[in-house]
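# Examining the three-dimensional arrangement
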Amino acid sequence: MRPSGRKLSELRPISIETGVMKHAEGSCLIKVGETHVLCSASLEDRPPPFLKNTGLGWVTAEYGMLPRATNTRNRREAASGKQQGRTIEIQRLIGRALRAGVDRVALGERQITIDCDVIQADGGTRCAAITGGWVALRLAVNKLMKAGVVTTDPLLDHVAAVSCGIYAGQPVVDLDYAEDSEAGTDGNFIMTGAGRLIEVQMSAEGATFSRDQMTELLDLAEAGVAELVAAQKAAL
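All values derive from a computational prediction rather than experimental measurement. (Residues numbered from 1 in each chain as written. Predicted model: local features only at pLDDT ≥ 70, side-chain atom pairs only at ≥ 80, totals over all residues. Heavy atoms only, no water.)

## Section: the UniProt feature "binding site: phosphate" (unreviewed entry) in the protein
- Here the UniProt feature "binding site: phosphate" (unreviewed entry) sits at Arg 86, Gly 124, Thr 125 and Arg 126. These residues run over 41 residues, yet every pair of their C-alpha atoms falls within 13.6 Å of each other.
- Arg 86 gets classed as partly exposed once you look at its relative accessible area, which sits at 39%.
- Considering the arrangement of structural elements, one finds Arg 126 in helix H4 (residues 125-146).
- Excluding residues that lie within four positions of it along the chain, Arg 126 makes contacts with Glu 89, Ile 90, Leu 93, Asn 188 and Gln 201. (UniProt positions renumbered as here; feature names shortened; annotations may be inferred. Buried < 20%, exposed > 50% of the residue type's maximum accessible area, 1.4 Å probe, protein only. Helix = DSSP H or I, 4+ residues; strand = E, 2+ residues; numbered from the N terminus. Contact = heavy atoms within 4.5 Å.)

## Overview of the packing of aromatic side chains
- Enumeration over the complete set of coordinates arrives at one aromatic pair.
- Taking 5.2 Å as the distance between ring centres and 85° as the angle between the ring planes, the aromatic pair formed by Phe 50 and Trp 58 counts as edge-to-face.
- Relative accessible area serves as the criterion here: at 54%, Phe 50 is assigned to the exposed category.
- Of the residues examined, Trp 58 reaches a relative accessible area of 17% and is grouped as buried. (Phe/Tyr/Trp six-rings, centres within 6.5 Å; stacked < 30°, edge-to-face > 60°.)

## Here we look at the pattern of salt bridges
- Inspection of the entire model under this criterion finds 10 salt bridges.
- Residues Asp 176 and Arg 6 are paired through a salt bridge, measuring 3.7 Å at the closest nitrogen-oxygen approach. Of this pair, Asp 176 sits in the loop between strand S7 (170-173) and helix H5 (177-180) while Arg 6 sits in the segment before strand S1 (14-18), and the two are 170 residues apart along the sequence. Accessibility classification places Asp 176 together with Arg 6 in one group, the buried group.
- Two residues, Asp 45 and Arg 110, come together in a salt bridge whose shortest N-O distance is 3.9 Å. Taken together, the residues Asp 45 in the loop between strand S3 (35-44) and strand S4 (58-65) and Arg 110 in the loop between helix H3 (104-107) and strand S5 (111-120) connect sequence positions 65 residues apart.
- Under the relative-accessibility criterion, Asp 45 is labelled exposed at 62%. (Salt bridge = Lys/Arg side-chain N within 4 Å of Asp/Glu carboxyl O.)

Given below as structure tokens:
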């Protein structure tokens, strides 16, 4: 039995509210169970310096947590003067994941920055950030296309992510913190709407896993991502 009482293949309740920030070109508040992430997309009409005069656009991301997003207060990274390694790793992952679904030639020489701020954390924050970040990106690109600045849709497909793992010897999808902290194996699966893989992060936290178990987790992830993509479509 999972601590939440969910079935092995059952996601937490998903909610995506769009247009939650007045000034951002695209924004949403995504809630996956008790994990809540505010995602916004900001457009700059110039690329980063390393892409100047290449004809290519860029999508990047930044990630952070509010001090009381967790059960004990975390010190603001700004107060310590540097980002933690975990923060850097996650925001690079978000950027990589979203760029995999972008035609950078069609985007043109401009940059879209996706900001993902965790308001409340209960496991799976990076997956929620990727799923909500894509919605914010979609909304920003819609504005570019409506204005006629971009004529060909640069978004190739939906991008969404879900965690899967081995908890109490059973393969489960969408781990909350209670499961994540006790999981023998933990993984994050990032996929397109068509079910193609973008990135898989898997590690044996407490026990090694077999190839058959990995296949089981991939099957759970594929079904979970399909549900998340349906939620993205409903929100848009």
